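Architecture at a glance
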Amino acid sequence: MENITEPLEALVPHRGKMLLLSRAISYDASESSLLAEVDILPSSFFYDENMKGVPVWVGFEYMAQAIAALSGKSDLANGQVPGFGFILSVSNFVAEVPSFKVNTTVSVYVKEELAMDNVFLFKCSIKQDGAELAKATLNTIKMEAKDAGVF
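Report follows, based on the coordinates. Note that the structure is predicted; figures quoted are calculated from it, not measured. (Residues numbered from 1 in each chain as written. Predicted model: local features only at pLDDT ≥ 70, side-chain atom pairs only at ≥ 80, totals over all residues. Heavy atoms only, no water.)

Strand order in the open sheet formed by seven strands is S1-S2-S3-S7-S8-S9-S5, and the pairing between neighbours is antiparallel. Looking at which strands have only one partner, the edges of the open sheet turn out to be strand S1 (2-3) and strand S5 (84-95). Sheet analysis places strand S8 (residues 119-128) next to strand S9 (residues 131-143), joined by 10 bridges and oriented antiparallel. Looking across to S9, one finds that serine 125 is bridged to lysine 135. In the packing of helix H2 (residues 59-77) onto the sheet, contacts are made with S1, strand S2 (23-28), strand S3 (33-40), S5, strand S7 (104-116), S8 and S9, and the angle to S9 comes to roughly 55°. (Pairing = 2+ DSSP bridges. Helix = DSSP H or I, 4+ residues; strand = E, 2+ residues; numbered from the N terminus. Contact = heavy atoms within 4.5 Å. Axes fitted to C-alpha atoms, helices over the stretch in contact; angles between N-to-C directions.)

Structure (structure tokens):
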């Protein structure tokens, strides 16, 4: 794995409050995987005071943004402008906790398992201190940067 030096904004299309990742840590081109982190803070967009954290179901969006960072890093490495994508489905979502607790950091790992044209399948997990908190399979579609105005 190589360390990622680009700012998140260079890798993902999300901005402002909807940029949920805190940082992209490392990237492995040979296995098409990426490790990112999210700091769970009271200022987090989906923070729930009653839970004293962020609901675990938000984890699939953390996973999706890590996939976007992986795609963006791959595009940049290949001399391309990063495109954008959409979640087609989330399956096999398993949560071991109801929420990600405040003032902690979770690690988000995504790995491409299958690619067919512009449709991709990723195995994803969220861990904290080595313990898996959530996992899922995400199916996505990637659009080219030139198609951004279509939607």
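Here the narrative resumes.
This part is about the nonpolar core. Counting residues in hydrophobic clusters, the biggest one holds 36 residues, and the most contacted among them are Leu34, Tyr62, Met63, Phe100, Val108, Val110 and Ile126. Counting only elements with at least two residues in this core, the list comes to helix H1 (8-11), S2, S3, H2, S7, S8 and S9. The dominant element in this core, judged by the number of residues it contributes, is H2, at eight residues. Ignoring any residue separated from it by four or fewer positions in sequence, one finds phenylalanine 100 in contact with Ile40, Lys52, Gly53, Val54, Pro55, Val56, Gly59, Tyr62, Val106, Ile126 and Leu133. (Core = buried A, V, L, I, M, F, W, Y, C linked by side-chain atoms within 4.5 Å. Buried < 20%, exposed > 50% of the residue type's maximum accessible area, 1.4 Å probe, protein only.)

Below, the discussion takes up the pairing of S8. Along a regular strand, successive side chains alternate from one face of the sheet to the other. Pairing geometry for S7 and S8, over nine bridges, is antiparallel. Bridge pairing links leucine 114 to leucine 121 in S8. Two successive antiparallel strands, S7 and S8, enclose a turn made up of two residues, where aspartate 117 displays a positive phi of approximately 55°. In sequence, S8 turns back onto S9 through a hairpin of two residues, with aspartate 129 there showing a positive phi of about 50°.

Let us look at the packing of aromatic side chains. Applying the stated criterion across every chain yields a total of five aromatic pairs. Ring centres of phenylalanine 45 and phenylalanine 46 lie 4.9 Å apart, and the angle between their planes is 85°; on these two criteria the pair is classed as edge-to-face. Note on phenylalanine 46 and tryptophan 57: the rings are 5.9 Å apart at their centroids and 70° apart in plane angle, and the pair reads as edge-to-face. Highlighted residues: phenylalanine 46 in the loop between S3 and strand S4 (53-55) and tryptophan 57 in the loop between S4 and H2, separated in sequence by 11 residues. Judged by its relative accessible area of 48%, tryptophan 57 falls in the partly exposed class. Counting every residue linked through ring pairs, the aromatic cluster contains Phe45, Phe46 and Trp57. (Phe/Tyr/Trp six-rings, centres within 6.5 Å; stacked < 30°, edge-to-face > 60°.)

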